[in-house]
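# Secondary and tertiary structure notes
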Amino acid sequence: MNTDNPLVLGIETSCDETGVGIVRGTELLANTIASSMDEHARFGGVVPEVAARAHLEALTPTIEQALETAGVALADVDAIAVTSGPGLAGALMVGVGAAKALAVALEKPFYAVNHLVGHVGADLLRDDEGELELPTIALLVSGGHTSLLHVRSLTHDVELLGETIDDAAGEAFDKVARLLGLPYPGGPHIDRAAATGDPRAVRFPRGLTLPKDLEKHRYDFSFSGLKTAVARHVERMRDDGLDVPVADIAASFREAVADVLTAKAIAACRDLGVPRLLLGGGVVANARVRELAAERAEAAGVALRIPPLSLCTDNGAMIAAIAAQRIMAGHEPSSLDVAADSTLPVTVVQA
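Residues numbered from 1 in each chain as written. Predicted model: local features only at pLDDT ≥ 70, side-chain atom pairs only at ≥ 80, totals over all residues. Heavy atoms only, no water.

## Some thoughts on the overall build of the protein
The number of helices and strands found in the protein is 12 helices and 10 strands. Taking 20 Å as the expected radius of gyration for a compact globule of 351 residues, we find that the protein reaches 20 Å, a close match to that expectation. Seen through its C-alpha atoms, the protein measures out along the principal axes to roughly 65 × 45 × 35 Å. The proportion of buried residues among the 351 residues of the protein is 56%. A separation threshold of at least 6 residues defines the contact pool for the protein, and within that pool the share at least 24 residues apart is 74%. As displayed, the protein offers around 14,500 Å² of accessible surface, 50% of which is attributable to carbon and sulfur atoms. (Helix = DSSP H or I, 4+ residues; strand = E, 2+ residues; numbered from the N terminus. Rg over C-alpha atoms; globule rule 2.2 N^0.38 Å. Buried < 20%, exposed > 50% of the residue type's maximum accessible area, 1.4 Å probe, protein only. Contact = heavy atoms within 4.5 Å. Areas by Shrake-Rupley, 256 points an atom, 1.4 Å probe, with all protein chains shown as cover.)

Okay, here's the thing in structure tokens:
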């Protein structure tokens, strides 16, 4: 195996996107994604069983397309990597099973990688900025995760500072979109609606930001109360026979989410003396989150990094990138006994 600049195929099936990526060291060769989002839209959210079946159907053609894009053959690959957790159990099992089968059939080493650390590793694959400096604070925001990390090493030293204690930010976007009559997935539709709204129209609550909450949950998040506040506001307006100003409510809700996310991330940078912040996850596509993060980072003297949006959503390339880092650092492969772990802690970079 080439341990200096390994060619790695990565598989990601933690939720509703079948991602296959191929990297050589930190060079991105292919990032192929097949989404089952449309199949979940009529349910208003991801259905685990539907996601798992969609992964089964999409995995082989997605691998074939990635290999064609990269211009390599399976036999050329030095290692097989896969997301082993966290995520939806059934969906993860599809990817892990496929990766093990490939590793055995090709007689290649197998690397079981943490999904959340993968989102940080996505930044390694960009070619528009300088090299990622460590340590860094990382804010990962997606449909299933909202986490604040202190990353000292991508291969072996990641600390969880805080996470959501109820809904993830992406879940809150989906639920509020449904309240406002907007389609699934809620994030992009709320973003578009909010563009013409007034973010100061309604002062929605900022979860876990009161002094008494900060003592215990300084870096944790909560969006359930915010979602409920939006629901009650909409219900009151409808009960009073008033038209619901969708744009204003969407903008006010989006502002509350962006405010909490960015305030806590910058606070972590300041508290820990880390002048760097990295954003990752699908919710980073939200225009206000990126804008407010940039404003607050500049004011605090913090360097902000946001990978290209194609690498922010779930993808196999980020998983391959972490495995490549582990290989180059001399870490051993994972055992084929490793199972999918829906609650894999972020401190475990490789299972």
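So that's the structure; there's more coming.
## Here we look at helix H5 (residues 169–179)
Of the positions making up H5, those classed as buried are Ala 169, Gly 170, Ala 172, Phe 173, Asp 174, Val 176 and Ala 177. Check the buried side of H5 and you find it contacts strand E6 (136–141), strand E7 (146–153), helix H6 (186–194), helix H8 (224–239) and helix H9 (246–272). Gly 181 lies just past H5 and shows a positive phi near 75°.

## A look at the side chain of Ser 252
With respect to the helices, strands and loops of the structure, Ser 252 is situated in helix H9. Of the polar contacts made by the side chain of Ser 252, one reaches the backbone oxygen of Asp 248; its length is 2.8 Å. (Polar contact = N/O pair within 3.5 Å; in protein donor to acceptor, adjacent residues only side chain to side chain.)

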